[in-house]
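Commentary on secondary and tertiary structure
Now for the letters of each chain:
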Amino acid sequence: SVVVVALSIDCICILLCLSEWFRLKRVDFDKHQYLSRIDVMTQLGNRFALNESVINLEEFYVVVYVDLDGLKMVNDKKGHQEGDKLIIKTASLMKQSLSAYGGVYRSGGDEFIALLNSHSVAETEELEAKAWRIMETLSAELGRTWQWAGLSFGIATSLEESSVYDCISLADKRMYTYKASNKES
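Attention in this report is confined to the structure presented alongside it. Note that this is a predicted model, so its numbers are computed, not measured. (Residues numbered from 1 in each chain as written. Predicted model: local features only at pLDDT ≥ 70, side-chain atom pairs only at ≥ 80, totals over all residues. Heavy atoms only, no water.)

1. Examining the pairing of strand 1 (residues 60–69)
Most of strand 1 sits out of view: ten of its ten residues are buried. Of the two faces of strand 1, both are covered, the one formed by Phe60, Val62, Val64, Val66 and Leu68 as well as the one formed by Tyr61, Val63, Tyr65, Asp67 and Asp69. By the bridge criterion, eight bridges tie strand 1 to strand 3 (residues 111–118) in an arrangement that is antiparallel. The residue bridging tyrosine 61 from the neighbouring strand is asparagine 117, located in strand 3. (Buried < 20%, exposed > 50% of the residue type's maximum accessible area, 1.4 Å probe, protein only. Helix = DSSP H or I, 4+ residues; strand = E, 2+ residues; numbered from the N terminus. Pairing = 2+ DSSP bridges.)

2. Quick word on the pairing of strand 4 (residues 150–157)
The buried fraction of strand 4 is high, at eight of eight residues. The alternating pattern of strand 4 places Gly150, Ser152, Gly154 and Ala156 on one face and Leu151, Phe153, Ile155 and Thr157 on the opposite face, and all of these are buried. Pairing of strand 1 with strand 4 involves eight bridges; the strand directions are antiparallel. By the bridge assignment for strand 4, valine 64 is matched with isoleucine 155.

3. Focus: a nonpolar patch on the surface
There is a patch of nonpolar side chains on the surface, built from Ile14, Leu15, Leu18, Trp21 and Phe22 and spanning about 540 Å² of accessible area. Structurally, the position occupied by leucine 18 is in helix 1 (residues 2–35). (Patch = residues over 30% accessible without salt bridge, like charges linked within 9 Å, V, L, I, M, F, W, Y side chains within 5 Å. Areas by Shrake-Rupley, 256 points an atom, 1.4 Å probe, with all protein chains shown as cover. Salt bridge = Lys/Arg side-chain N within 4 Å of Asp/Glu carboxyl O.)

4. As for the environment of alanine 100
Among the structural elements, alanine 100 can be located in the loop between helix 4 (80–98) and strand 2 (102–106). Between the C-alpha atoms of alanine 100 and threonine 90, which are ten residues apart in sequence, the distance is 16 Å.

5. Considerations on the sheet that holds strand 2
Taken together, four strands build an open sheet; the order of strands is 2-3-1-4 and the sheet is antiparallel. Every other strand in the sheet has two partners, leaving strand 2 and strand 4 as the edge strands with one partner each. In this sheet, adjacent strand axes meet at a mean angle of 15° when their direction is disregarded. In this structure, strand 2 lies alongside strand 3, joined through five bridges in antiparallel fashion. Its bridge partner lying in strand 3, tyrosine 105 is registered against isoleucine 113. (Axes fitted to C-alpha atoms, helices over the stretch in contact; angles between N-to-C directions.)

6. Comments concerning the side chain of asparagine 46
As for its position among the elements, asparagine 46 is in the loop between helix 1 and helix 2 (47–55). Of the residues examined, asparagine 46 reaches a relative accessible area of 17% and is grouped as buried. A polar side-chain atom of asparagine 46 sits 3.0 Å from the main-chain amide nitrogen of phenylalanine 48. (Polar contact = N/O pair within 3.5 Å; in protein donor to acceptor, adjacent residues only side chain to side chain.)

Dropping the structure here:
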C-alpha cells in the first residue's frame, strides 16, 4: 500500500509537470504566432496577417493600396536610416488614421494595404470618400517633413468587385494610375 501511494504521488507530480510544460509551450507558441504576423520595423501586420484578415472580411469593405513615393530619393540623399524613419512614420500615420476602421498592413518594402470594414452600401461609399481625404492629408504631411516623399494610392470597394482579391488588384491598378498621373503633373 505504501508503494501504491508513492506511485500515485509520482503520477500526480508527473501530470503537474506535464501540465506546466504544456502551458509554457502554449505561451511560447502564442508569442511566436503573434510575432510571425507583425512587421518588425513598422509594428503593422505583415502579408501573413493580411492574408488572414482577408479571409475574415465581411460583405462590405474598402481596400486602400498605398505606395510610398520618394523613398529611393530619401535613401539616396539622406541615407537608409532616414528612409527607415519615413517608412515608420508612414506606418504610424496610417495606423493612427485608419485603424479605427480596420487593419493596416505592410505588404512590401514601401507598400501598405488597409482593409477597412463597413456595414452597408452607404457606409462603404462614405468610408471610401473618407479614406481618399485621409490619404491625401497623410501624403501632404509626409511631404512637409521629407520634400521628396508622398503617397500614391488606389482605393476600391466591395461594391465594385465580387472577391476581395479582385478588389485588392483593382486598388493596386488604381494606385499605379494615380502614381502615373502625379508624375505627369
